[in-house]
Amino acid sequence: MLDDRKMDVLKAIVTDYVSSQEPVGSKALVERHQLKVSPATVRNDMAVLEEEGYITQPHTSAGRIPTDKGYRLFVDRIATVKPLSAAEKRAIQAFMTGALDVDDIVTRTVRLLAQITQQVAIVQYPIASSAVVRHVELVPLTIDRVLVIVINSTGRVEQRAIEVVADESALARLRDRLNAALVGHAPGPAAERLSNLLGELPAEDRHGAASVVATVLEMLATDPSTRVVVGGVPNLTRFGDQFETTVKPVLEALEEQVVLLHLLGEAYGSAGDVTVRIGHENPYEPLQTTSLVASTYGNPDDAFATLGIVGPTRMDYPSTMASVRAVARYVGRFLAEG
């Protein structure tokens, strides 16, 4: 374990490197951080930090920069995540106010996270473990096309246009049957009830109803928790010079839903907790030049998921952690109020 003075030197190196993007020298540290020791003493401390793998010298006669191990110790020693200012809290509230449904909440959350952190935001759709069907609607579009709409108790709206030949009275009867069978039931039980519905319909309604029932079954089977929305990708291209190879593999990895779900799954924990995965701690090789800062949001008994940001390892961890945690809390509150 490092003594307090060496820890102060490491914190100063991380802070200066994040701010300046330049390797940090001993003289600059003493001048900027009032370390109350000589540059020679700081150089000795830096030599120990380098020997133990917390910092490295990118090239001869340069200053030092933090390693993944150094960032990890820095993050672990952040005693508390600093609170956001009143202005920052108001900005988050204003951004989220007026969200209409889960889709709108997720879209706003991605934009908000990307904007306030200036990183790539990733948001998993909430896993609505207790969501039930609230309403089913059938809207005639043309003589042979119908819009099938399913709304659940979280406000999520699924809709699909399908080809169906049925008059309006038959559609109305089918809509009433669907609502009687499905409203108030979770997707699994609702799907089971739906499978018995065709046999209960009058013979003249079955032909047109078959396509509708099959479509509603597919919609009930859709699991939104397997979807991750990404925003702010252009933010990452600003840091292209900070990746060991190129930014391209990182951008390609961010297009893979399975990879993102795995990343967020690794960060799954109690609501409000902030998880940080730094560099080579990431299991997916193309993302090992990045860090993930993530937090779960929502209520484990209702709608629960994970959100976070991906950016270069050289990031302002205290501010990013505070922003991710604050957004997670506000989104969870919106879901609860909805």
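Everything quoted here is computed from the prediction, not taken from an experiment.

K.L.:
I'd like a description of the environment of Glu52, backed by residues and values.
P.N.:
Looking at the secondary structure, you find Glu52 in the loop between helix 3 (39–51) and strand 1 (55–56). On the basis of relative accessibility, which here comes to 39%, the residue Glu52 falls in the partly exposed class. In the structure, Glu52 is positioned 232 residues away from Tyr284 in sequence and 26 Å away in space, judged by C-alpha atoms. Ignoring anything within four residues of it in the chain, the contact list for Glu52 reads Leu2 and Lys69.

K.L.:
So what about the confidence of the model for the protein chain? Which residues, and what values?
P.N.:
Detailed reading of the predicted model is not advised wherever pLDDT is low. Averaged over all residues, the pLDDT of the protein chain is 84; the fraction at 70 or higher stands at 91%. When mean pLDDT is compared element by element in the protein chain, strand 2 (residues 65–66) scores highest at 94, while strand 4 (residues 127–128) scores lowest at 63.

K.L.:
Break down the sheet that holds strand 6 (residues 145–152) for me, with residues and values.
P.N.:
In space, the three strands of this open sheet follow the order 5-6-7, with antiparallel pairing throughout. Edge positions in the sheet fall to strand 5 (133–142) and strand 7 (157–163), since each has one partner strand and no second. The mean angle between the axes of side-by-side strands here comes to 15 degrees, regardless of whether they run parallel or antiparallel. Where strand 5 lies against strand 6, eight bridges are found, and the strand directions are antiparallel. Paired with His135 across the bridge in strand 6 is Ile151.

K.L.:
Please provide a residue-by-residue account of the pattern of salt bridges, values included.
P.N.:
In the structure shown here, the tally under the stated rule is 12 salt bridges. A salt bridge links Arg175 to Glu137; the shortest N-O distance between them is 3.5 Å. Of this pair, Arg175 sits in helix 7 (residues 168–182) while Glu137 sits in strand 5, and the two are 38 residues apart along the sequence. The class of Glu137 is partly exposed, set by a relative accessible area of 22%. A salt bridge links Arg160 to Glu218, with the nearest nitrogen and oxygen atoms 2.8 Å apart. Of this pair, Arg160 sits in strand 7 while Glu218 sits in helix 10 (residues 203–221); the two residues are 58 residues apart in sequence, bridging distant segments of the chain.

K.L.:
Mind laying out the packing of helix 1 (residues 4–20) against helix 2 (residues 26–33), listing which residues take part and the relevant values?
P.N.:
Orientation of helix 1 relative to helix 2, taken along the N-to-C sense of each, is 95 degrees, at an axis distance of 10 Å. Between helix 1 and helix 2, the crossing angle belongs to the class labelled roughly perpendicular. Here Val9, Ala12, Ile13, Thr15 and Asp16 of helix 1 lie close against helix 2, whose contacting residues are Leu29, Arg32 and His33. Class assignment of the residues belonging to the contact of helix 1 with helix 2 gives a composition of four nonpolar, two polar and two charged.

K.L.:
Outline the pairing of strand 6, listing residues and values.
P.N.:
Burial analysis of strand 6 places six of its eight residues in the buried class, which makes it a mostly covered element. Hairpin connection of strand 5 to strand 6: two residues between the antiparallel strands. In the sheet, strand 6 pairs with strand 7 via seven bridges, with the strands oriented antiparallel. Along strand 7, the bridge assignment pairs Val146 with Ile162.

K.L.:
Account for helix 5 (residues 86–96), naming residues and giving values.
P.N.:
Residues of helix 5 that are buried include every one of Ile92, Phe95 and Met96, and no others. The buried residues of helix 5 occupy an angular sector of 90 degrees when the element is viewed end-on, so they sit on one face. The outward face of helix 5, more than 90 degrees from its buried face, is lined by the exposed residues Arg90 and Ala94. Buried residues belonging to helix 5 abut helix 6 (102–117) and helix 14 (317–337). At the C-terminal side of helix 5, Gly98 shows a positive phi close to 95 degrees.

K.L.:
Now, about the packing of helix 7 against helix 8 (residues 187–195): what can you tell me, with residues and values included?
P.N.:
Axis separation between helix 7 and helix 8 bottoms out at 9 Å; the angle between their running directions is 135 degrees. Relative to helix 8, the element helix 7 is oriented oblique. At the point where helix 7 passes helix 8, the crossing takes the right-handed sense. For the pair formed by helix 7 and helix 8, the contact residues are Leu178, Ala180, Ala181 and Leu182 on the first element and Ala190, Arg193 and Leu194 on the second. Taken together, the residues of the contact of helix 7 with helix 8 sort by class into six nonpolar, no polar and one charged.

What counts as what
- Residues numbered from 1 in each chain as written.
- Predicted model: local features only at pLDDT ≥ 70, side-chain atom pairs only at ≥ 80, totals over all residues.
- Heavy atoms only, no water.
- Helix = DSSP H or I, 4+ residues; strand = E, 2+ residues; numbered from the N terminus.
- Buried < 20%, exposed > 50% of the residue type's maximum accessible area, 1.4 Å probe, protein only.
- Contact = heavy atoms within 4.5 Å.
- pLDDT = per-residue confidence, 0-100.
- Pairing = 2+ DSSP bridges.
- Axes fitted to C-alpha atoms, helices over the stretch in contact; angles between N-to-C directions.
- Salt bridge = Lys/Arg side-chain N within 4 Å of Asp/Glu carboxyl O.
- Parallel < 35°, antiparallel > 145°, perpendicular 65-115°, else oblique.
- Nonpolar A, V, L, I, M, F, W, Y, C, P; charged D, E, K, R; others polar.
- Arc of directions from axis to C-beta.
- Left-handed = near helix turned anticlockwise from the far one by under 90°.

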